[in-house]
Amino acid sequence: MGRRFFLLLVVFAFAAPAGATPLVRGIDVSHWKGSIQWPRVAQGGYRFAFAEATNGFMADWTYGRNRGGATAARLAFGAFHFARPAGSTPQGVISNAVAQADYFVSVAEPQTGELAPVLDLERTGGLSPVSLRAWTAAWLNEVYLQIGIRPTIYSSPTFWRRSMRDASTFAAGGSQLWIAHWRVGAPRVPAANWGASGWTFWQWTNCSHVPGIKGCVDGDRYRGARASSAVMAPPPVAIDAPTVGGVPQTGQVLSATTGTWQADPAPTLAYQWQRCTDTTGETCKAIAKAVTSTYTVSAADVGSTLRVVVAATSRARSAWSASTAVPVNA
């Protein structure tokens, strides 16, 4: 009787309270974990995994094997980049970030049906908070331009407070948070609870004991009912490109159509007018504050061409389509 009562107490203590957000178990790994028996990981109740794809400008040689093994074991899978920020000038900082982002995408090859890619921020590279924020923004933007989703950010509360000055701009920009805070009952979330949205993934320990993996493993949790709800959906598809109507002359108002898009659910649409030096769209720059469906041609546009780019976003995935560039006459 006494033993039965004790067991009931244990079950009650570990049961989630009514209405509580369920937590899905996962892990994150790199080449340091050696060979992993992924079927055993899945049998142990783990439902997602992140694997290092790149570390600065070095590829993790186990990435392909881990990706294939985790996917075959039906775990939701995602790739992360261990950041090595660098740069001695503002231009150098941006250039380094873009180059690392391009390298990451080329190695990781993020796909629909996988978890959003992750930027792992643990090193400053000697950059000031201002420069590190610029580096981070450039990396995130470059990956977003290439695959159409805002990457997740991994960081500890202390690193974010000290090295990023508790910046909230990345939460506002749509990046989710993977918080690293070990051996606590609940993680401390920076940037005003990450823009009031809270954490999405939580690395709660650096020493889980997971079937199929030797030694300690980083243990993670996803704040949701199923890891599958966190994977990337297909991006919207442009069926017809946007068009520009009106007379392209100084003082005249041009109007844009959105084009035709295929997405489920229906996408939200945003406009950006661009000034180009050719008709191919290869040398175009965004016009500041020109983000509505209409644009009044200015004297600065004479001798250039104008086009509109429409961005469609559905389930956090984005795609872009541009109109034909029209020449502007005086």
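The rules we used
- Residues numbered from 1 in each chain as written.
- Predicted model: local features only at pLDDT ≥ 70, side-chain atom pairs only at ≥ 80, totals over all residues.
- Heavy atoms only, no water.
- Pairing = 2+ DSSP bridges.
- Helix = DSSP H or I, 4+ residues; strand = E, 2+ residues; numbered from the N terminus.
- Contact = heavy atoms within 4.5 Å.
- Core = buried A, V, L, I, M, F, W, Y, C linked by side-chain atoms within 4.5 Å.
- Buried < 20%, exposed > 50% of the residue type's maximum accessible area, 1.4 Å probe, protein only.
- Disulfide = S-S within 2.5 Å.
- pLDDT = per-residue confidence, 0-100.
- Phe/Tyr/Trp six-rings, centres within 6.5 Å; stacked < 30°, edge-to-face > 60°.
- Lys NZ or Arg CZ within 6 Å of the ring centre and 35° of its normal.
- Expected span 1.5 Å × (residues − 1).
- Arc of directions from axis to C-beta.

1. A closer look at the sheet that holds strand 11 (residues 244-245)
Read from one edge of the open sheet, three strands run 11-12-16, paired in antiparallel fashion. Edge strands, defined here as strands with exactly one partner in the open sheet, are strand 11 and strand 16 (294-296). In this structure, strand 12 (residues 253-256) lies alongside strand 16, joined through three bridges in antiparallel fashion. When the bridges of strand 16 are listed, Ser-255 appears paired with Thr-294.

2. Some remarks on the side chain of Gln-274
Tracing the backbone through its elements, the reader meets Gln-274 in strand 14 (residues 268-276). Residues within four places of Gln-274 in sequence aside, it is in contact with Cys-284, Lys-285, Ala-286, Ile-287, Thr-305, Leu-306, Arg-307 and Val-309.

3. Some words on the nonpolar core
Residues Ile-27, Trp-38, Val-41, Leu-121, Trp-135, Trp-139 and Trp-194 are the most contacted members of the largest nonpolar core, which totals 53 residues. Per-element accounting of this core gives the leading share, seven residues, to helix 5 (residues 129-147). Apart from the residues within four sequence positions on either side, Val-41 is in contact with Ile-27, Ile-36, Tyr-46, Leu-75, Val-210, Pro-211 and Ile-213. Grouped together as the second largest cluster of nonpolar side chains are 16 residues, Ala-256, Ile-287, Ala-290 and Leu-306 included.

4. Section: the environment of Ile-287
Relative to the assigned elements, Ile-287 resides in the loop between strand 15 (284-286) and strand 16. Classification of Ile-287 by relative accessible area gives buried; the value is 9%. Separated by 13 residues in sequence, Ile-287 and Gln-274 place their C-alpha atoms 5.3 Å apart. Residues contacting Ile-287, with those up to four places away along its chain left out, are Gln-272, Trp-273, Gln-274, Arg-275, Tyr-295, Asp-301 and Leu-306.

5. What to know about the state of the cysteines
Each disulfide consists of one covalent bond between the sulfur atoms belonging to two cysteines. Enumeration over the complete set of coordinates arrives at two disulfides. A sulfur-sulfur separation of 1.8 Å characterises the disulfide bridge that pairs Cys-207 with Cys-216. With its sulfur 2.0 Å from that of its partner, Cys-276 forms a disulfide with Cys-284. Linking Cys-276 and Cys-284, the disulfide has an S-S dihedral of approximately 100° and is accordingly described as right-handed. If you count the bonded cysteines of the chain from the N-terminus, they pair up as 1-2, 3-4.

6. Examining the confidence of the model for the chain
Model confidence for the chain is summarised by a mean pLDDT of 93, while 94% of its residues fall at 70 or above. In the model, residues 1-19 has pLDDT below 50 throughout and makes zero contacts with residues more than four positions away in sequence or in other chains.

7. Topic: the packing of aromatic side chains
A full pass over the atoms with the stated rule returns 16 aromatic pairs. Arranged with centres 5.8 Å apart and planes meeting at 45°, the rings of Tyr-63 and Phe-77 form a pair that is tilted. Of the two residues, Tyr-63 is situated in helix 3 (residues 63-72) and Phe-77 in strand 4 (residues 76-82); the sequence distance between them amounts to 14 residues. Phe-77 matches Tyr-63 in its accessibility class, with the two residues each being buried. Among the aromatic residues, those joined into a cluster by ring pairs are Phe-48, Phe-50, Phe-80, Tyr-154, Trp-178, Phe-201 and Tyr-222. Of note, Arg-150 hangs over the ring of Tyr-144, and the distance from its end group to the ring centre comes to 4.1 Å.

8. What about helix 4 (residues 90-108)?
Between its first and last C-alpha, helix 4 extends 27 Å over 19 residues, near the 27 Å set by a 1.5 Å rise per residue. Of all the residues in helix 4, the buried ones are Val-93, Asn-96, Ala-97, Gln-100, Ala-101, Phe-104, Val-105 and Ala-108. The buried side chains of helix 4 occupy one side of the element, clustering within an arc of 165° when seen end-on. In this structure, the buried side of helix 4 is in contact with strand 2 (48-55), helix 3, strand 4 and helix 5. One or two residues past the end of helix 4 sits Glu-109, with phi positive at roughly 50°.

9. Notes on the pairing of strand 2
The buried fraction of strand 2 is high, at eight of eight residues. The sheet contact formed by strand 1 (residues 23-29) and strand 2 spans four bridges and is parallel. By the bridge assignment for strand 2, Ile-27 is matched with Ala-49. Pairing of strand 2 with strand 4, which is carried by seven bridges, proceeds in the parallel orientation. Opposite Glu-52, over in strand 4, you have Phe-80 as the bridge partner. Of the strand pairs in this sheet, strand 2 and strand 3 (residues 58-59) are connected by two bridges, and their pairing is antiparallel. Pairing of Thr-54 across the sheet is with Ala-59, part of strand 3. Hairpin geometry of strand 2 and strand 3 is characterised by an intervening segment of two residues between the two adjacent antiparallel strands and by a positive phi of about 60° at Gly-56.

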